[in-house]
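If you want the building blocks of each chain, they are given just below.
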Amino acid sequence: MRDLQDQYGRSFKTLRVSLINTCNLGCVYCTMADTDTKVSNHHQKTNISASELLRIIGYLHQELNLETIRLTGGEPLLYHDLIPVVAGIKAMGIDEIKLTTNGFLLERMAFKLHKAGMKSINVSLDAINEDVFFKMSKRSDVGRILKGIKTSIDCGLDVKLNAVIMKGMNEDQIFPLLDYAFENNIQIRFLEVMAMGHLYKQSEKYLFTQHDILNAIASRYNFERLDRKASATSNYWKTKEGHVFGVIANESEPFCGDCNRLRLDSQGNIFGCLSDNHPINIRVIDDTLELRQKLKLALAQKQTVRFVGSELSMLEIGG
Ligand code: SAM
């Protein structure tokens, strides 16, 4: 359906697939402060099988001519059939296959992922300091994640870092993270916290804005802003020394205007927007007209200007 487009010229070109709705970390923005990851298993329903998933992705690709697929979760490296899924997507002729992971299991997976057709990986890492990392994620061993990053780079994967910065929690990690990224020539993006899940209607107190992040970095570096690419989530700056860093400023500089993302969760539901809590089930669809109708519904879910928050956490809808 090459003509699916809304009045703002938006369509779906990137599919984000949540493979699994459980995680091996308990990050503060995803899970309640007093819960751990075992509690997140509480949400677990039967995840879609690899063959069912590939059938749905193939069907969506046929309709949308997808350019990029990002696999996420929950934690996608916990999904048993990850490698066959990557290989299956590659076999559909989609080359831009990407992954968002916490990196905990990356060291042993990187080579297999690259061999199956994975191109690039975003590793979520909110702190370098072990104590702050524990406060943010309820897990220890940053070194294990750093090893996973090194192995991925050695395998030929393009690696980026994502760090959510929360006021009063980890803003002191901006420079340790930046130093690590610059020293290892890895692009890093800092994220403003989003009003999702248990933070819905109360993320404001943790919001460390793009302005705050840039102010902090400006105490050590001179930098200039780079042009934003169409449909990008991140704004980028380049330091005088030539290092590039980004900020994903959902709150202070929303990027809904040219959003091209469609989300598929681990139960076979699509969502046209992170702000919308209404799942559109396509698991049992085998009729093209019905799929087209559902895609139109998903496109209509898109916000025109900004993300307005959601009661669903990223764990459920996929980050
Ligand atoms: N487990 C994987 C990981 O950690 O990258 C993939 C899923 S995780 C939900 C995807 C991304 O969403 C992570 O970078 C995480 O930091 C981000 N995220 C989750 N909840 C968020 C929130 N409320 N605000 C900002 N970022 C959030």
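> I'm lost on the overall build of the protein in this one. Help?
Scanning the protein from N- to C-terminus turns up 10 helices and 12 strands. Its C-alpha radius of gyration of 19 Å places the protein within 12% of the 20 Å reference for a compact globule of 319 residues. Along the longest, intermediate and shortest principal axes, the C-alpha atoms of the protein span 55 × 40 × 40 Å. A total of 319 residues make up the protein; the buried ones form 56% of that total. Put simply, 72% of the contacts in the protein that link residues at least 6 apart link residues at least 24 apart. Surface exposure of the protein reaches about 14,100 Å², of which carbon and sulfur atoms provide 49%.

> Looking at this structure, I do not really get the site of the ligand. What am I missing?
Within the structure, the ligand sits among 17 residues, and Y29, G74, E75, S124 and M194 are positioned closest to it. A distance of 3.0 Å is found between an oxygen atom of the ligand and a side-chain nitrogen or oxygen belonging to Y29. Residue assignment for the shell around the ligand shows that the elements contributing at least two residues are β3 (96-101) and β6 (187-192). Taken together, the residues of the shell around the ligand sort by class into 7 nonpolar, 8 polar and 2 charged.

> Honestly, the environment of M118 in this entry has me stumped. Any pointers?
Looking at the element boundaries, M118 is found in the loop between α4 (106-116) and β4 (120-124). Residues in contact with M118, not counting those within four places in the same chain, are L71, V86, I97, K98, L99, L113 and L157.

> Just to check I follow, could you spell out the packing of aromatic side chains for this structure?
Geometrically, a pair of aromatic rings is defined through the distance of the ring centres and the angle of the planes. Under the criterion given, the structure shown has 3 aromatic pairs. An angle of 15° between the planes, with centres 5.9 Å apart, marks the rings of W237 and F245 as stacked. Side by side, W237 and F245 carry an identical accessibility label, which is buried. Put simply, the rings of F223, W237 and F245 touch in pairs and so form one group of aromatic residues. Above the ring of F175, the side-chain terminus of R220 is found at 3.8 Å from the ring centroid.

> When you look at the sheet that holds β6 in this model, what are you seeing that I'm missing?
Think of a sheet as strands paired side by side through backbone hydrogen bonds, with each pair either parallel or antiparallel. Spatially, β7-β8-β9-β6-β5-β4-β3-β2-β1-β10-β11-β12 is the arrangement adopted by the 12 strands of the open sheet, whose pairing is mixed. In the strand order of this sheet, the two ends are held by β7 (223-225) and β12 (280-281), each with one partner. In this fold helix α2 (residues 50-64) packs onto β1 (14-18), β2 (68-72) and β10 (261-264), with an angle of close to 160° to the strand it touches most, β10.

> For this particular structure, what's the right way to read the confidence of the model for the protein?
Segments scoring low in pLDDT should not have their predicted coordinates read at a detailed level. Looking at the protein as a whole, its pLDDT mean stands at 94, while 95% of the residues score no less than 70. Overall, residues 34-42 carries pLDDT values under 50, and its contacts beyond four positions in sequence, including any with other chains, amount to 11 contacts.

> Would you mind showing me how to read the pairing of strand β5 (residues 158-165) here?
Each regular strand displays side chains that alternate between the two surfaces of the sheet. Of all 8 residues in β5, 7 are buried, a share of seventy percent or more. Both β4 and β5 contribute to a ladder of 5 bridges, which runs parallel. By the bridge assignment, N122 is partnered in β5 with K160. In terms of strand pairing, β5 meets β6 through 6 bridges, oriented parallel.

> Got a minute to help me understand unusual backbone geometry in this structure?
With the exception of glycine, most residues fall at negative phi, and the peptide bonds are largely trans. One non-glycine residue, N65, lies in positive phi territory at about 50°. Residue placement: N65 occurs in the loop between α2 and β2. A relative accessible area of 39% means that N65 is categorised as partly exposed. In this model, D141 sits at a positive phi of 95°, which is unusual for a non-glycine residue. By the element assignment, D141 lies in the loop between α5 (130-137) and α6 (142-155).

> Can you help me understand the side chain of N235 in this one?
By the element assignment, N235 lies in strand β8 (residues 235-239). Here Q210 takes part through its side chain, which lies 2.9 Å from a polar atom of the side chain of N235. In this structure the side chain of N235 is engaged in a polar contact, spanning 3.4 Å, whose partner is the side chain of E253.

> Please explain empty space enclosed by the protein as it appears in this structure.
To find leftover empty space, one rolls a probe the size of a water molecule over the atoms. Taken as a whole, this structure holds 1 cavity of 30 Å³ or more when the rule is applied. By volume, the largest cavity is sized at about 30 Å³. In this structure, the largest cavity is lined by R55, I56, Y59, L60, I282, I285 and L291. Tallying contributions element by element places α2 first for the lining of the largest cavity, with 4 residues. A class-by-class count of the residues in the lining of the largest cavity yields 6 nonpolar, no polar and 1 charged.

Reading the values: rules and limits
- Residues numbered from 1 in each chain as written.
- Predicted model: local features only at pLDDT ≥ 70, side-chain atom pairs only at ≥ 80, totals over all residues.
- Heavy atoms only, no water.
- Helix = DSSP H or I, 4+ residues; strand = E, 2+ residues; numbered from the N terminus.
- Rg over C-alpha atoms; globule rule 2.2 N^0.38 Å.
- Buried < 20%, exposed > 50% of the residue type's maximum accessible area, 1.4 Å probe, protein only.
- Contact = heavy atoms within 4.5 Å.
- Areas by Shrake-Rupley, 256 points an atom, 1.4 Å probe, with all protein chains shown as cover.
- Near = heavy atom within 4 Å.
- Polar contact = N/O pair within 3.5 Å; in protein donor to acceptor, adjacent residues only side chain to side chain.
- Nonpolar A, V, L, I, M, F, W, Y, C, P; charged D, E, K, R; others polar.
- Phe/Tyr/Trp six-rings, centres within 6.5 Å; stacked < 30°, edge-to-face > 60°.
- Lys NZ or Arg CZ within 6 Å of the ring centre and 35° of its normal.
- Pairing = 2+ DSSP bridges.
- Axes fitted to C-alpha atoms, helices over the stretch in contact; angles between N-to-C directions.
- pLDDT = per-residue confidence, 0-100.
- 1 Å grid on protein atoms, 1.4 Å probe; cavity = no way out; pocket = protein on both sides within 12 Å on 5 of 7 lines; lining within 4 Å.
- Points joined across faces, edges and corners; volume = space filled by probe spheres on them.

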